[in-house]
Amino acid sequence: MAILPPGVSSADFGSALAEFVGAVGKEWVLSSDEDLAPYRDHYSPVPLEEDELLPSAAVAPNTVEQVQAIVRTANRYRTPLYPISTGKNFAYGGPAPNLRGSVIVDLKRMNKVLEVNAERNFALVEPGVSYFDLYRHIQERGLKVWLDCPDPGWGSPIGNTMDRGIGYTLGFYRDHAGAQCGVEVVLASGEVMRTGMGALPNGRAWQEYKYGFGPDPAGLFPQGNYGIVTKMGLRLMPQPEHWRNGLVTVPKRRDLVALVNTVNYLNDLCMIGDPWYGSPLRALLGNTEFREAATRRGGANEAEMDRLAAAASLHSWQVELQFYGSERTTLANWEYAKELAARNIPGARLIDGESLAVPLTREQIEKTTGPYSTNMRRNVTQGVPSLGIWKNLGRTEAAPDSWAQGHVGLFAVLPRTAEAVFDAQHVFRDTMIDLGLESGINALSTPLMWYQFAFLFSAGFSTGGGNAVATPEGKAKVRDGLRALLAKAAEHGWSEYRAAPYFQDDVAEQYSFNDHALRRFNETIKDAVDPNGILAPGRGGIWPKHLRGRRA
Amino acid sequence: MRRSLVLVTAGAFALAAGAITAQETAVVEQGKVVFQHYCAPCHGDGRGDDGAPMLPGTHALYLKYKGQKPELLEQRMDLPAEFIRAIVRNGVASMPPFRKTEVTDEDIAALAAYLAASSRARSRQSP
């Protein structure tokens, strides 16, 4: 027992552990170094330092009643808890807590798929159910519903939703917090609460009308610390009959303005799935002259970029569109997208992609030899969980004896405009270079449309290579670097949508309108519903009264 | 050749290993389930995403061992339970660790039994 929860005596902690054993059994109260090692953040930016966010113990209930008992014990001994679902929130802290010394409430053993309804298109699950588990459940029963998976897919619908994770299919479904439809929560008091129609004792539409009557507190639990979610409904996409993709490319750098507006229009009419932006000019990055132009401090020169693109007979931008529906409706939507792009953007090229009956075969999911080179990840666009993206972290053919240890994520929320993208390209790149960090950002970097109505711009970085955290200097560079990037983003009115525990205070600090009215409101709620401050202190930048001095 | 191999059944293990008890067969079957659930999405056979020739874990071991050892865990004959446990509980390189709530110590022992049986069976199938 190397670490104690802050403010808890050794005797009280021993008593709490004994009560946990009484609640869940000796086997599921873990406190040895070996048992706790997997609760570290494997990609921590501060590995093996004094302030690494390590737990004091872990307790693993498998019923709601056991969760209630754990919470009541924690209240008795003022023991901070940190609930996790499957603990796979890597790059955002994994299973590690916000407050060093917290007891992890590991909900993995609560792993029942309670219902999948393929007529009304929803699921009701426990926290330990992973996307792989739910996918297998659906496939084994031949049900005609799809998941919207994050990438990689070994996390859980509840865990991912509670961190406002995202996916890759149609807009409504890929906003996982938005597709949540009713939660059951163990509150800090130990009481069980259900939201929406679940609050009706005999509610029959819990997963269909999530609001119920009066305020809907379900939205308080993602990135919050007001309760432990023990059940959640999520909307599932009916399996479409057909999937089709197509590519739009546009010649000039400034054409991104009209391209973004065109895609916004199609997206907001719910005609397309997740659009994938890119640049054909990436093929030129090996060319010294082009690379200098694409990484020029202060931003690229438009005329110079257009000249280099024209000389190489390449277009400047592309977006790959995907359509879900029937063969005829997907064709009609693609034909309309082509008509719109041709009308809005002179010189646009419109290239038919593949037209495939759903479900795709294994070979079709693996296929990358369509009519054009595609960046679109086929598994996730088909609702199939995968770990294939792990290839980005492992050894490479070019460097088989080294590997990136992980990455620090920073996805800045931008307005959906080309101007914001142009700004973000050079603001983030220049800042990273000034900080001595390796940066993959350049004048070709494109936004992500994981959320239905916002751009996310990736300004994260690997913690391998030149950004390695193997030395104290390396760790400091990474930590300070991320904070400097966040500060620079805030100057431009952007910020992070999600963060690892180590950086959550930094992000929350930026949401400071009217002297932090939002944070003060959140902490007023915290003090009211969790007066002893036992649930995930610090999560989302929300600290209980007695721990506010710990705010970073 | 690697891709032509197929997963073998517990029955094949029994033939490969000679006379083994029903309990041992059940352990191997349990290990197979654990492997397929937790290991195969990264360390299994078959292609990775986006046209990658192998899944990420398999590819990492292919690059690491450069042909000196099989990249497929199911072909490895040098993975005792204690070694597997150390890797599973602590992670290695970009592979994060797994907790007891995911893979129990009993699961790890079963996994070791499965990998031993699998590698024996596959070595018999190889020309």
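Since the structure is predicted, the reported quantities are computational estimates derived from the model, not experimental observations. Each chain has its residues counted from 1, following the order in which its sequence is written. Throughout, the order in which chains and ligands are written sets their labels, letters from A for the former and numbers from 1 for the latter. For this predicted model, a pLDDT threshold of at least 70 governs which residues receive local features, and a threshold of 80 or more governs which side-chain atom pairs are given and counted, while totals over whole chains, interfaces and linings are taken from all residues.

Undergrad: Hey, could you run me through the overall build of chain A in this one?
TA: Within chain A, the secondary structure is distributed over 17 helices and 20 strands. Computed over C-alpha atoms, the radius of gyration of chain A comes to 24 Å, within 12% of the 24 Å expected from 2.2 N^0.38 for 552 residues, which places it in the range of a compact globule. Whether a residue is buried, exposed or partly exposed is read from the other C-beta atoms within 10 Å of its own C-beta, which are placed from the backbone; 20 or more gives buried, 12 or fewer gives exposed, and intermediate counts give partly exposed. For chain A, the residues scored as buried account for 53% of the 552 residues in total. A pair of residues counts as a contact when their C-beta atoms, built from backbone coordinates, are within 7 Å of each other. When contacts within chain A are restricted to residue pairs at least 6 apart in sequence, long-range pairs at least 24 apart make up 71% of them. Numbered from the N terminus, helices here are DSSP runs of H or I no shorter than four residues, and strands are runs of E no shorter than two. The globule rule used here is 2.2 Å times the number of residues to the 0.38 power, and the radius of gyration it is set against is calculated over C-alpha atoms.

Undergrad: Would you take a moment to explain the overall build of chain B for this structure?
TA: Across its full length, chain B carries five helices and zero strands. Going through the 127 residues of chain B one by one, you find that 42% of them count as buried. Here the analysis covers contacts within chain B between residues at least 6 apart in sequence; of these, 61% occur between residues at least 24 apart.

Undergrad: Honestly, the sheet that holds strand S18 (residues 455-458) of chain A in this entry has me stumped. Any pointers?
TA: Paired through backbone hydrogen bonds, the strands of a sheet run either parallel or antiparallel to each other. Residue and element names in this part refer to chain A. Spatially, S18-S17-S20 is the arrangement adopted by the three strands of the open sheet, whose pairing is antiparallel. Two strands bound the open sheet, and with one partner strand each, they are S18 and strand S20 (495-496). With two bridges joining them, strand S17 (residues 411-414) and S20 adopt antiparallel strand pairing. Residue Val413 lies in a different strand from S20, and its bridge partner there is Ser495. Any two strands with at least two DSSP-identified bridges between them are counted as paired.

Undergrad: I'm lost on the nonpolar core in this one. Help?
TA: Generally speaking, soluble globular proteins have nonpolar side chains that are buried together. Each nonpolar core comprises buried Ala, Val, Leu, Ile, Met, Phe, Trp, Tyr and Cys residues, the members being joined through C-beta atoms within 7 Å. Core analysis: the largest hydrophobic core is formed by 161 residues, its most contacted members being Val59, Ile70, Val105 and Ala412 of chain A. In terms of residue count, helix H5 (residues 105-125) of chain B provides more of this core than any other element does, ten residues in total. Among all residues touching Val59 of chain A, those that are not within four sequence positions of it are Phe20, Val24, Trp28, Val29, Ile70, Val103 and Val105 of chain A. Ranked by size, the runner-up nonpolar core spans ten residues in total, among them Leu281, Phe290, Ala294 and Ala309 of chain A.

Undergrad: Looking at this structure, how should I read the environment of Ala424 of chain A?
TA: Residues and elements named next belong to chain A. Along the chain, Ala424 falls in helix H14 (residues 418-434). Residue classification places Ala424 among the buried residues on the basis of 22 C-beta atoms within 10 Å. Considering only alpha carbons, one finds Ala424 and Lys112, 312 residues apart in sequence, at a separation of 43 Å.

Undergrad: Please clarify how helix H2 (residues 22-43) of chain B should be interpreted in this entry.
TA: Because the α-helix completes a turn every 3.6 residues, residues three or four places apart line up on one side. Multiplying 1.5 Å by the helix residue count minus one yields the expected span of that helix. An ideal rise of 1.5 Å per residue puts 32 Å on 22 residues; H2 of chain B reaches only 27 Å between its terminal C-alpha atoms. Largest kink in H2 of chain B: about 45°, centred on Gln36 of chain B. The angle between axes fitted to the seven residues ending at a residue and the seven residues starting there is what we call the bend at that residue.

Undergrad: Just to check I follow, could you spell out the interface of chain A and chain B for this structure?
TA: The parts lose accessible area when they come together, and the size of an interface is often stated as this lost area. In this assembly, 34 residues from chain A lie in contact with 26 residues from chain B. Following the grouping adopted for this structure description, the nonpolar residues are Ala, Val, Leu, Ile, Met, Phe, Trp, Tyr, Cys and Pro, the charged ones are Asp, Glu, Lys and Arg, and the polar ones are all others, Gly among them. Its residues placed into classes, the side of chain A that touches chain B shows 14 nonpolar, ten polar and ten charged.

Undergrad: Could you clarify how one ought to interpret the packing of helix H8 (residues 256-268) of chain A against helix H11 (residues 327-344) of chain A in this entry?
TA: The description of two packed helices rests on the angle between their axes and on the distance between the axes. Residue and element names in this part refer to chain A. Their axes nearest at 10 Å, the elements H8 and H11 cross at an angle of 150°. As far as their axial angle goes, H11 and H8 are roughly antiparallel. At the point where H8 passes H11, the crossing takes the right-handed sense. Contact with H8, carried on its side by Ala258, Thr262 and Leu266, involves Ala337, Leu340, Ala341 and Asn344 of H11 and no other residues of that element. For the contact of H8 with H11, the residue count by class is five nonpolar, two polar and no charged. Axes, fitted as lines to C-alpha atoms, cover a helix only where it is in contact. Angles between the N-to-C directions of the axes lie from 0 to 180 degrees. Convention used here: angles under 35 degrees read as roughly parallel, angles over 145 as roughly antiparallel, angles from 65 to 115 as roughly perpendicular, and any remaining angle as oblique. Crossing chirality is assigned from the near helix's rotation relative to the far helix, an anticlockwise turn below a right angle marking it left-handed and a clockwise turn marking it right-handed.

Undergrad: Just to check I follow, could you spell out the sheet that holds strand S5 (residues 113-117) of chain A for this structure?
TA: Residue and element names in this part refer to chain A. An order of S5-S6-S10-S8-S9 is seen for the five strands of this open sheet, with the pairing classed as antiparallel. Because the sheet does not close on itself, it has two edges, and the strands there are S5 and strand S9 (192-194). Shown here is a sheet whose adjacent strand axes are inclined to one another by a mean of 15°, direction ignored. Looking at chain direction, strand S8 (residues 180-187) and strand S10 (residues 227-235) are connected through six bridges and run antiparallel. Looking at S10, one finds that Val183 is bridged to Met232.

Undergrad: What is the right way to look at the packing of helix H15 (residues 472-491) of chain A against helix H16 (residues 501-510) of chain A in this model?
TA: Residues and elements named next belong to chain A. In contact at an axis separation of 10 Å, H15 and H16 are set at 15° when each is read in the N-to-C sense. When the axis of H15 is compared with that of H16, the two are roughly parallel. Crossing of H15 over H16 shows right-handed handedness. When H15 is examined against H16, the residues Leu482, Arg483, Leu486 and Ala490 are found in contact with a partner set consisting of Phe503, Asp506, Val507 and Gln510. A per-class count over the contact of H15 with H16 returns five nonpolar, one polar and two charged.

Undergrad: Any chance you could explain unusual backbone geometry here in plain terms?
TA: Leaving glycine aside, a negative phi is the common case for residues, and trans is the common case for peptide bonds. Residues and elements named next belong to chain A. Cis peptide bonds are those with omega within 30 degrees of zero, and the linkage from Asp151 to Pro152 qualifies with 5°. Note that Pro152 resides in the loop between strand S7 (145-146) and helix H5 (157-162). A cis amide bond links Val358 to the next residue, Pro359, at an omega of 0°. Here Pro359 shows up in the loop between strand S15 (349-357) and helix H12 (362-366).

Undergrad: Whenever I open this one, the environment of Ala470 of chain A confuses me. Can you help?
TA: Looking at the element boundaries, Ala470 of chain A is found in the loop between strand S19 (461-462) and H15. The spacing of Ala470 of chain A and Glu419 of chain A is 51 residues in sequence and 38 Å in space, taken between C-alpha atoms.

Undergrad: Help me understand the pairing of S8 of chain A, please; the structure alone is not making it clear to me.
TA: The side chains of a regular strand alternate between both faces of the sheet. Residue and element names in this part refer to chain A. In terms of residue burial, S8 counts as a mostly covered element, since seven of its eight residues are buried. Looking at chain direction, S8 and S9 are connected through three bridges and run antiparallel. Looking at S9, one finds that Val186 is bridged to Val192. Connecting the antiparallel pair S8 and S9 is a turn made up of four residues, with Gly190 showing a positive phi of about 100°.

Undergrad: For this particular structure, what's the right way to read the environment of Val28 of chain B?
TA: Take Val28 of chain B: it is sitting in helix H2. Overall, Val28 of chain B belongs to the buried group, with 25 C-beta atoms counted inside 10 Å.

Undergrad: I would appreciate a short explanation of the domain arrangement of chain A in the present structure.
TA: Residues and elements named next belong to chain A. As annotated, the domain borders come from an automatic or database domain assignment. As far as domains go, chain A holds domain 1 (10-106), domain 2 (113-238), domain 3 (242-279 + 316-389), domain 4 (410-444 + 456-498) and domain 5 (508-550). The distance between the C-alpha centroids of domain 1 and domain 2 comes to 24 Å. Between domain 1 and domain 2, the contact holds 13 residues from the first and 15 residues from the second. Considering every element that reaches the side of domain 1 that touches domain 2, the biggest residue donor is helix H3 (residues 64-77), with five residues. When its residues are assigned to classes, the side of domain 1 that touches domain 2 shows seven nonpolar, four polar and two charged.

Undergrad: Just checking my understanding: could you explain the confidence of the model for chain B for this structure?
TA: Caution applies to low-pLDDT parts of the model: their predicted coordinates are not meant to be read in detail. Residue and element names in this part refer to chain B. Per residue, pLDDT captures the predictor's confidence, and it can take any value from 0 to 100. On average, residues of chain B score 85 in pLDDT, and 83% of them reach the 70 mark or higher. Predicted confidence in chain B is weakest over helix H1 (residues 10-17), with a mean pLDDT of 45, and strongest over helix H4 (residues 81-90), with 96. Every residue in residues 1-17 is under pLDDT 50, and counting partners more than four places away or in other chains gives 22 contacts. Predicted as a complex, the structure gets a pTM of 0.94 and an ipTM equal to 0.91.

Undergrad: What is the right way to look at helix H10 (residues 302-311) of chain A in this model?
TA: All names here are of chain A. Where H10 is concerned, the buried positions are Met305, Leu308 and Ala309. Viewed end-on, H10 has its buried residues packed into an arc of 100°, placing them on one side of the element. Away from its buried face by more than 90 degrees, H10 exposes Ala303, Arg307 and Ala311. A positive backbone phi angle near 55° is found at Ser313, which sits one or two residues after H10. Arc definition: it is the arc formed by the directions from the helix axis to the C-beta atoms.

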